[in-house]
Every structure is written in structure tokens, then in C-alpha cells.
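# Architecture and fold: a report
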Amino acid sequence: MGIRKKMGKFVSATVMLAVVASVCVLPAQEKKYEKKLSIGERFHHETSSTWRGVLGDMFRTKPKKPPQYKTYPSSKKIELPKPKYRGMVLEEAIEKRRSIRNYSKQAISMAQLSQLLFAAQGVTGKMYDRVLRSAPSAGALYPFEIYIVVNNVQDLPQGIYHYSVLDHGLELVKAGDFSGKITDAGLKQEMLGDAGVTFVLSAIFDRVRCKFGERGFRYVYIEAGHISQNIYLQAVSLGQGSVCAGVFLDEKVNQLIGVDGSKEAAIYLHAVGSL
Ligand SMILES: Cc1cc2nc3c(=O)[nH]c(=O)nc-3n(C[C@H](O)[C@H](O)[C@H](O)COP(=O)(O)O)c2cc1C
């Protein structure tokens with residue numbers, strides 16, 4: 001047998017041994033932690049990358065990848081103006097960024113709304129056949145759908161809309177005044193209903209789990225922060241005030257945007273209003 005063949009056999013045997021140890025032996029040892037850890041600690045612990053986890057993941061069944069784009073085929077479509085605003089320099093926006101919770105009664109314009117949506121999840125490039133967006137995404141898998149609760153936007157009736165990434169437009173999900181409902185769902189945080197528009201960042205977990213397994217949940221939460229920061233900085237540059245909100249009743253927000261809370265769930269809110 002040639003040296004190459006021998007080496008190959010040795011490597012395969014070692015990998016097999018590591019796989020057996022990682023899948024059968026080490027998980028049993030880890031079980032003893034479970035009772036001592038809080039749910040948050042357990043989440044962090046069990047989604048931590050270890051060689052055992054990485055190897056074990058290769059053999060674990062993962063969910064199928066759901067469609068990349070969610071659509072509302074029978075809904076009313078609204079075109080958005082092209083996002084072409086050029087505002088303050090980045091360093092100034094970073095310096096000026098603050099969480100603002102009081103807004104004037106002045107409506108947000110469609111051009112401003114367009115710019116904010118573009119900053120959140122607009123298409124900014126292409127890599128092979130993959131469309132890339134304004135905020136980074138683990139594996140370019142883009143788990144987020146953006147919904148907006150429109151309270152006070154010029155020329156756009158109140159309602160809940162879904163952002164259609166590919167055509168940079170809106171799809172009407174529900175017409176009506178939801179300012180009271182979003183405030184209630186946000187544990188009475190008044191700014192959510194006072195804002196011109198409140199963004200709901202909602203994630204389809206399997207888009208990430210299909211590649212990264214359970215660790216993908218971490219990536220979803222991290223990505224929400226990227227998107228929200230883009231909204232913050234864009235709002236500053238547009239001369240508007242904004243604040244993110246992680247405090248809300250999940251079930252109520254999920255109901256409002258019409259998602260099940262398991263396969264897809266609201267992760268983060270972000271209110272934007274005129275100063
Ligand atoms: C994960 C996260 C969740 C937050 N949730 C809320 C919230 O529910 N309501 C709120 O008014 N502010 C919320 N904030 C904003 C913080 O209160 C704010 O960033 C902090 O007080 C610092 O102020 P600054 O943003 O003006 O620098 C949250 C911030 C983060 C990062």
C-alpha cells in the first residue's frame with residue numbers, strides 16, 4: 001500500500017473516531033451541566049462552537065431552506081421612490097446618534113421612508129447569483145423580513161406593510177390605525193405609537209438553521225443589531241429621531257404582523273419619528 005493511501009486511511013480513521021467520540025461520548029458529559037444552568041446560560045452553552053459541535057453538526061439533520069423572499073401576491077403594492085439621499089458624513093452620524101423617544105407631529109416623507117428601508121435591508125450588490133443587502137448577514141442567508149407599522153407618513157395610509165426587498169416596494173398587510181396596538185404590544189412604550197413609522201424586524205429562523213443549525217439563532221439576534229444600527233444612523237442623517245426596542249410582548253407583536261412566533265418571529269422593534 002502506498003504512503004498516500006496509508007495516510008488517507010489514518011486520517012479517515014481519526015476523523016471517524018473523533019465523530020464517534022463527539023456524538024456519543026461528549027454529549028453525555030455535557031448533560032451534567034444542564035440542571036445547573038439557567039435557560040439563557042444553556043442557550044449560550046449549547047450554541048457554543050466546539051469541535052464536537054462542528055463535527056456533530058455534519059451528521060445532524062437540518063431543516064430545509066425556506067424561500068428567500070416572502071411575498072404577499074394578492075396585496076396592494078406601493079412603489080417607493082429611489083433611495084438617492086446623500087446626507088451627513090458617517091462620523092458625524094455616529095457622534096450624533098442617540099435614542100430619541102419624543103417626536104413631533106410632522107409626517108415622515110415617502111423619500112425618507114424609502115431611505116430608511118433601504119438602509120435596513122435594501123439591495124446593495126450581487127455576488128454570483130446572490131443578492132446582497134445593506135446589513136451583513138451570516139452566510140448571506142438573510143433571515144429577516146421587515147414590516148412597518150405606519151402611523152404618520154405623508155401620502156401613505158396608516159397600516160402594516162411588508163418590505164419587498166427585490167423591488168424596493170411595500171405590500172399592504174393590514175390597513176388601519178395600529179398605533180395603539182403597537183404601543184400595547186410594546187408594554188406601553190408610547191414612542192412606538194407616536195413614531196411616524198415603527199419597524200418590526202422579523203426572522204425566519206430556518207433560513208439560517210438550514211446551514212448553521214441551532215447556532216444560527218445567535219446569528220439572527222446579532223443581525224438584528226446590524227439592521228437596527230443602520231436605521232439609527234440613517235435616521236440621524238435624515239434629521240429624524242429613532243430608538244430601538246427589545247422590550248415587547250412577543251405574542252402580541254407576532255399577531256400584529258401575522259407570523260406564527262415559531263418558524264418566524266419578531267425579534268426587534270425600531271421607532272422613527274420627525275423631531
Ligand atoms: C438590545 C437593546 C434593546 C433595547 N430596548 C429598548 C426598549 O425596549 N426601549 C427603549 O426605550 N430603549 C431600548 N433600548 C435603547 C437603550 O435604552 C439605549 O440605547 C441606551 O439607553 C443608550 O442610549 P443611546 O442609544 O442614546 O446611546 C435598547 C437598546 C438595545 C441595544
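Because the structure is a prediction, the values reported are computed rather than measured.

Attention now goes to the overall build of the chain. Check the secondary structure of the chain and you find 10 helices and nine strands. A buried classification covers 43% of the 275 residues belonging to the chain. Put simply, of all contacts in the chain between residues at least 6 apart along the chain, 75% involve residues at least 24 apart. For the chain, the exposed surface amounts to about 15,300 Å²; the carbon and sulfur share of it is 58%.

Let us now look at the packing of aromatic side chains. If you walk through the whole model with that rule in mind, you get four aromatic pairs. On the numbers, 6.2 Å between centres and 65 degrees between planes, the contact of F43 with Y221 is edge-to-face. With F43 in helix α2 (residues 39–46) and Y221 in helix α9 (residues 216–237), this pair connects stretches of sequence that are 178 residues apart. Residue placement shows R97 over the ring face of Y232; its charged tip is 4.6 Å from the ring centre.

Take the site of the ligand next. The full set of residues close to the ligand is R97, R98, S99, R101, Q189, M191, V243, C244, A245, G246, V247 and Y268. Side-chain polar atom of Q189 to a nitrogen atom of the ligand: 2.7 Å apart, as the coordinates give it. Contact between the ligand and C244: a nitrogen atom at 3.4 Å from a main-chain N or O atom of the residue. Of all the elements, strand β8 (residues 240–245) adds the most residues to the shell around the ligand, at three residues. Partitioned by chemical class, the residues of the shell around the ligand number six nonpolar, three polar and three charged.

Now for the pattern of salt bridges. The final tally for this structure, using the stated rule, is eight salt bridges. A salt bridge links E264 to K70; the shortest N-O distance between them is 2.6 Å. Placement of E264 in strand β9 (residues 264–274) and of K70 in the loop between α3 (51–59) and β1 (77–79) is noted, with a sequence separation of 194 residues between them. On the accessibility criterion, E264 (7% relative accessible area) is buried. Between D184 and K188 there is a salt bridge, with its nearest N and O atoms 2.6 Å apart. Salt bridges sharing common partners tie together D206, R209, E214 and K263.

Scoring rules and cut-offs
Residues numbered from 1 in each chain as written. Predicted model: local features only at pLDDT ≥ 70, side-chain atom pairs only at ≥ 80, totals over all residues. Heavy atoms only, no water. Helix = DSSP H or I, 4+ residues; strand = E, 2+ residues; numbered from the N terminus. Buried < 20%, exposed > 50% of the residue type's maximum accessible area, 1.4 Å probe, protein only. Contact = heavy atoms within 4.5 Å. Areas by Shrake-Rupley, 256 points an atom, 1.4 Å probe, with all protein chains shown as cover. Phe/Tyr/Trp six-rings, centres within 6.5 Å; stacked < 30°, edge-to-face > 60°. Lys NZ or Arg CZ within 6 Å of the ring centre and 35° of its normal. Near = heavy atom within 4 Å. Polar contact = N/O pair within 3.5 Å; in protein donor to acceptor, adjacent residues only side chain to side chain. Nonpolar A, V, L, I, M, F, W, Y, C, P; charged D, E, K, R; others polar. Salt bridge = Lys/Arg side-chain N within 4 Å of Asp/Glu carboxyl O.

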